[in-house]
Amino acid sequence: MNVDSRSVRDKLFDQLRLPIMAAPMFLVSGPDLVIAQCKAGVLGSFPALNARSATQLDDWLHAIGENCGSIPFAVNLIVHGSNRRLDEGLNMCAKHEVPVVITSLGARSEINSAIHGYGGLVLHDIIHDQHARKAVERGADGIVAVAAGAGGHGGTQSPFALIQEIRTWYDGPLALAGAISNGRSLLCARVLGADCGYIGSPFIATHEASADEAYKAMVVSSTAADVIYTDRLSGIAGNYLRPSILRAGLDPDNLGDLEERLGLGKPNPEAKIWKDIWGAGQGIGAIDRITSTAALIGRFAREYDDATRAIAGLTARRPLADG
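None of the values given here were measured: they were computed from a predicted structure. Think of each chain on its own: its residues are numbered from 1, step by step along the sequence as written. Owing to the predicted nature of the model, reporting of local features is limited to residues with pLDDT of at least 70; listing and counting of side-chain atom pairs is limited to 80 or more, with chain, interface and lining totals taken over all residues. The side-chain figures draw on all heavy atoms in the structure; neither hydrogens nor water molecules are used.

Considering empty space enclosed by the protein
As defined here, a cavity is a set of points on a 1 Å grid over the protein atoms alone where a 1.4 Å probe fits but cannot get out. A pocket is an open set with protein on both sides within 12 Å along at least five of seven lines, and residues line them when an atom is within 4 Å of a point. Grid points are joined across faces, edges and corners, and a volume is the space filled by probe spheres set on the points. Summed over the entire model, instances satisfying the criterion amount to one cavity of 30 Å³ or more. Computed from the structure, the largest cavity encloses a volume of approximately 50 Å³. If you trace the largest cavity, you find it lined by A48, L49, L57, N76, L77, I78, N83, R85, E88 and G89. Numbering of helices and strands runs from the N terminus; a helix is a DSSP stretch of H or I covering at least four residues, while a strand is a stretch of E covering at least two. For the lining of the largest cavity, the secondary-structure elements that each account for two or more residues are β3 (73–78) and α4 (86–96). Among the elements that line the lining of the largest cavity, the one with the most residues is β3, at three residues. Looking at the lining of the largest cavity, its residues break down into five nonpolar, three polar and two charged. In this classification, the charged set is Asp, Glu, Lys and Arg, the nonpolar set is Ala, Val, Leu, Ile, Met, Phe, Trp, Tyr, Cys and Pro, and all remaining amino acids, among them Gly, are polar.

See the structure below:
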């Protein structure tokens, strides 16, 4: 590991209670959740686009900065050309010197340079090894590997395959996303070679999340069998809750034409795909109640410690053979 990688890891993880980065979730993550995550000892995050205006984003960043103390937090920026509010979000991150920026849908050197200019770190989310290589080439300080089973716009590769390919050439900070919903799976992510788990869906079912209460209840009542992977809702493949598709009046097994559903081919004032179809990962079977963020992190900590002791005991009983 080189000095730069060590320094970045120190900034990201030194102050954390557990090796967890909270994933930024559309319509779910806001200042209340981020502050609760940081106070519980994990790295909180939210998408800049969840704030409806530059003024609201400014207010949110001020509140988070005032309340998170030494725990770092992150803002997610969509760097694709379709994001008309990218400059607004980037300027606010610079104004508040946001410690970590998570970039999505495109690796851009000029964006990374702007964030580095005020001392921030850039993590880029990817679903393939080649995307990780491109992100590092263009100046990202770390990688978020989004494997199969992750909520929202997740990938399809096994975490075993994705992490092992990246670790053949990359020794920098690496987060893993994909159905990490308890302390045991968090420890597994570390054993695989990730520095931390990148966790979203469990935080949906928290009191501090800004998600619709029906969304929270649906996460609690659903299992992996209720998650459907499709590109027919946003144009980008991702994992969504089948019951929310049905609730919106659509057939999850026959989603039809994207433009028609979104009201792009003809006027359709009822179309609210962005609001009424809810994302979630395959790990939701481990979520059995709506609780506080502090209680959720407490559960993760107990499970993580128990799993660590169990593995230590197993290794002591059955030592690996030399050679």
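That shown, we press on.
Focus on the packing of aromatic side chains
Pairing of aromatic side chains here covers Phe, Tyr and the six-membered ring of Trp, requires ring centres within 6.5 Å, and sorts the geometry by plane angle: under 30 degrees stacked, over 60 edge-to-face, intermediate tilted. Tallied over the full model, the rule gives three aromatic pairs. Centroid distance F46 to W60: 5.6 Å. Interplanar angle 70 degrees. Geometry classified as edge-to-face. You can see F46 sitting in strand β2 (residues 44–47) and its partner W60 sitting in helix α3 (residues 54–67), a full 14 residues away along the chain. You can call F46 buried: its relative accessible area is 0%. Burial here depends on accessible area, computed with a 1.4 Å probe over protein chains only, as a share of the maximum for the residue type. Under 20% is buried, over 50% is exposed, and the range in between is partly exposed. For W60, a relative accessible area of 15% translates into the label buried. Their ring planes at 15 degrees and their centres at 4.8 Å tell us that Y215 and W278 sit as a pair that is stacked. Of the two residues, Y215 sits in helix α10 (residues 213–221) while W278 sits in the loop between α13 (273–276) and α14 (293–317), which places them 63 residues apart along the sequence. Judged by its relative accessible area of 7%, Y215 is buried.

So, the packing of α3 against α4
Packed helices, taken two at a time, are described by their axes: the angle between them and the distance between them. Here an angle of 0 to 180 degrees is reported between the N-to-C directions of two axes, which are lines fitted to C-alpha atoms, with helices fitted over the stretch in contact. Their axes nearest at 10 Å, the elements α3 and α4 cross at an angle of 30 degrees. Looking at the two axes, α3 sits roughly parallel to α4. In this structure, the crossing between α3 and α4 has a hand that is right-handed. Between α3 and α4, the contacting residues are A54, L57, D58, L61 and H62 on the first element and E88, G89, M92, C93, K95 and H96 on the second. Class assignment for the residues of the contact of α3 with α4 results in five nonpolar, three polar and three charged. Angle categories are assigned with fixed cut-offs, so that under 35 degrees is roughly parallel, over 145 is roughly antiparallel, 65 to 115 is roughly perpendicular, and the rest are oblique. Two helices crossing with the near one rotated counterclockwise from the far one by less than a right angle form a left-handed crossing, whereas a clockwise rotation gives a right-handed crossing. Two residues qualify as a contact provided that any one of their heavy atoms is within 4.5 Å of a heavy atom in the partner residue.

Quick notes on the pairing of strand β6 (residues 142–146)
For β6, the buried fraction is high: five of the five residues fall into the buried class. Burial of β6 is two-sided: the residues G142, V144 and V146 facing one way and the residues I143 and A145 facing the other way are all buried. For two strands to be treated as a pair, DSSP must find no fewer than two bridges joining them. The sheet contact formed by strand β5 (residues 121–126) and β6 spans four bridges and is parallel. Looking at the pairing, L123 lines up with G142 of β6. On the question of chirality, the crossover connecting β5 to the parallel β6 by way of helix α6 (residues 129–137) is right-handed. One ladder, built from four bridges, connects β6 with strand β7 (residues 174–177); its direction is parallel. The residue bridging V146 from the neighbouring strand is A177, located in β7. Here the term right-handed applies to a crossover when the path leading from its first strand over the helix to its second strand runs clockwise, the strands being oriented away from the viewer. For the crossover from β6 across helix α7 (residues 159–167) to β7, the handedness is right-handed.

Concerning the nonpolar core
Definition of nonpolar core: a set of buried residues of the types Ala, Val, Leu, Ile, Met, Phe, Trp, Tyr and Cys, connected through side-chain atoms within 4.5 Å. Counting residues in hydrophobic clusters, the biggest one holds 48 residues, and the most contacted among them are I166, F203 and L241. If one sorts the elements of this core by residue count, α14 sits on top with six residues. When sequence neighbours within four positions are dropped, the list of residues in contact with I166 reads I126, D129, A132, I143, A145 and L174.

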